[in-house]
Amino acid sequence: MRKIIVFVAVVGLISSCTKTEKPLPIFGQREVVNGDTVYHKIANFQFVDQDSAIITNDTFKDQIYVSDFFFTSCRTICPIMKTQMLRVYEATADIPDVKLLSHSIDPEYDTVALLHDFANRLGVSSDRWHFVTGVKDSIYKIAQTSYFATAMEDKSEPDGFIHSGAFLLVDKEQRLRGKYDGTKEEDVNRLLVDIKRLRKEYE
Amino acid sequence: MSKLSLLAVFVIVLASCNPSKKPGRSVKFQQYFVEGDQLYTVHCSNCHQKSGKGLGLLYPPLDESDYMEENLSEVICLIKNGKSGELMVNGQQYNQPMPGIPTLTDLEIAEIATFIYNSWSHDEGIIEVQQVTKMLQKCKEGT
């Protein structure tokens, strides 16, 4: 009896050591086409960033990126999100294939010039962190249907919009791999760990 | 003797319950300060941060601020009425509009002011509600 217990314990120990980490989930609907699984992907988009550069899906070719939705005049959760996104920016400074993409959900007010000033004041470079503006409905649509994030106008809200504080992690195939609360430091810590896990998939 | 030590323990426990209190101040000051701390967390810390350090050149710092030191009555006014346009703090120019909070009462503004003017590098003592009421009456249009 005793031997069995020791055996079970040893097996348990060995299996826990060799256990490989589970890969990150892949969000959204999937379907099988001709025997291949087709996953939900970020739809095609075209926006303009703080340097007037055109930003499309191709901008993030062979890149992992973190996306969020905000607006510069927001006084509720956005400043906290930007504080946390700045942490992500600083933590990924030496990782060449990680980029950040912040969409304005008030694109009529948040012009290129205003986003340029905002990014400068935050002290960040457009090489790694794009602040984009564009057609409002396109931004709302991509938020909801591609990133599964809430973003819409609501005049009853103090700032005139409702939006989630989510940070979305997108892989090199433009698939959504993680969703985090960008207003919570611990959740952003989890994002930083997941970025490393995701990069391992490409090693 | 045992009663005395029990009392000492009780006092220490009480004191440690509320780390945001300042030693050697009046009860009124402590009330202002503790209430102000909570109001600050709700209304101000999103932008100015719990640490009072602000964020980049977007939101100016409060922890060390020549603007705050020199402009008490303007600070009182802008908490209530907001402020837009350029603002120089510690030699840096800021230009992000700050929305006012007109729903705050004079007492609440006095509590916030007492908190920010006695936190971090500041040690101004209590800012009384009567002072605040007088300052608010003299606020310029748009500040």
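Residues numbered from 1 in each chain as written. Chains lettered and ligands numbered in written order. Predicted model: local features only at pLDDT ≥ 70, side-chain atom pairs only at ≥ 80, totals over all residues. Heavy atoms only, no water.

Caption draft 1: Expanded view of the nonpolar core. Counting residues in hydrophobic clusters, the biggest one holds 56 residues, and the most contacted among them are A:Phe45 and A:Tyr147. For this core, the element with the most residues is helix 2 (residues 78-91) of chain A, which contributes 6 residues. One finds B:Cys77, B:Ile79, B:Tyr94 and B:Ala110 within the second-largest nonpolar core, a separate group that totals 31 residues. (Core = buried A, V, L, I, M, F, W, Y, C linked by side-chain atoms within 4.5 Å. Buried < 20%, exposed > 50% of the residue type's maximum accessible area, 1.4 Å probe, protein only. Helix = DSSP H or I, 4+ residues; strand = E, 2+ residues; numbered from the N terminus.)

Caption draft 2: Quick look at the pairing of strand 7 (residues 129-132) of chain A. Residues and elements named next belong to chain A. A two-sided burial pattern is seen for strand 7, the buried positions comprising Trp-129 and Phe-131 on one face and His-130 and Val-132 on the other. Relative to strand 7, strand 6 (residues 98-104) is paired through 4 bridges, and the arrangement is parallel. Counted as the bridge partner of Leu-101 is His-130 from strand 7. In this fold, the crossover linking strand 6 to strand 7 by way of helix 3 (residues 112-122) has right-handed handedness. (Pairing = 2+ DSSP bridges. Right-handed = clockwise from strand over helix to strand, strands pointing away.)

Caption draft 3: Just unusual backbone geometry, in detail. All names here are of chain A. With phi around 50°, Asn-34 is a residue other than glycine that occupies positive phi space. Located in the positive-phi region is Gln-174, a residue other than glycine, with phi close to 65°. As for its position among the elements, Gln-174 is in the loop between strand 10 (166-170) and strand 11 (176-181).

Caption draft 4: Spatial organisation of the environment of A:Tyr140. All names here are of chain A. Inspection of the secondary structure puts Tyr-140 in helix 4 (residues 136-145). C-alpha of Tyr-140 to C-alpha of His-163: the two residues are 23 residues apart in sequence and 9.7 Å apart in space. Discounting residues that sit within four places of it in the chain, Tyr-140 has contacts with Ile-105, Ala-151, Met-152, Glu-153 and Phe-161. Within the local environment of Tyr-140, its side chain forms a polar contact with the backbone oxygen of Ile-105, the two atoms lying 2.8 Å apart. (Contact = heavy atoms within 4.5 Å. Polar contact = N/O pair within 3.5 Å; in protein donor to acceptor, adjacent residues only side chain to side chain.)

Caption draft 5: Focus on the pattern of salt bridges. Residue and element names in this part refer to chain A. One pass over the structure, following the stated rule, counts 19 salt bridges over all chains. Of the charged contacts, one joins Glu-173 and Arg-175 as a salt bridge, the two residues approaching to 3.3 Å between their closest N and O atoms. A relative accessible area of 34% means that Glu-173 is categorised as partly exposed. Among the ionic contacts, a cluster of salt bridges with common partners joins Asp-171, Glu-173, Arg-175, Arg-177 and Glu-201. (Salt bridge = Lys/Arg side-chain N within 4 Å of Asp/Glu carboxyl O.)

Caption draft 6: Up close: the packing of aromatic side chains. All names here are of chain A. Applying the stated criterion to the full structure yields 14 aromatic pairs over all chains. Geometrically, the ring pair formed by Phe-70 and Phe-118 is tilted, given 5.6 Å between the ring centres and 45° between the ring planes. Here Phe-70, found in strand 5 (residues 64-70), pairs with Phe-118, found in helix 3; they are 48 residues apart in sequence, far enough to count as distant. Pair check on accessibility: Phe-70 and Phe-118 agree, each one buried. Judged by centre distance (5.7 Å) and plane angle (40°), the ring pair of Tyr-89 and Trp-129 falls under tilted. On the criterion of sequence distance, the pair formed by Tyr-89 in helix 2 and Trp-129 in strand 7 is long-range, its members being 40 residues apart. Comparing Tyr-89 with Trp-129 shows no difference in burial state: the two are buried. (Phe/Tyr/Trp six-rings, centres within 6.5 Å; stacked < 30°, edge-to-face > 60°.)

Caption draft 7: Structural context of a negative patch on the surface. All names here are of chain B. A contiguous patch of negative charge on the surface is contributed by Asp-66, Glu-69, Glu-70 and Glu-124. Tracing the sequence through the fold places Glu-70 in helix 4 (residues 66-70). According to the relative accessible area criterion, Glu-70 is exposed, its value standing at 61%. (Patch = residues over 30% accessible without salt bridge, like charges linked within 9 Å, V, L, I, M, F, W, Y side chains within 5 Å. Areas by Shrake-Rupley, 256 points an atom, 1.4 Å probe, with all protein chains shown as cover. Lys, Arg positive; Asp, Glu negative; His and termini not counted. Charge placed at Lys NZ, Arg CZ, Asp CG, Glu CD.)

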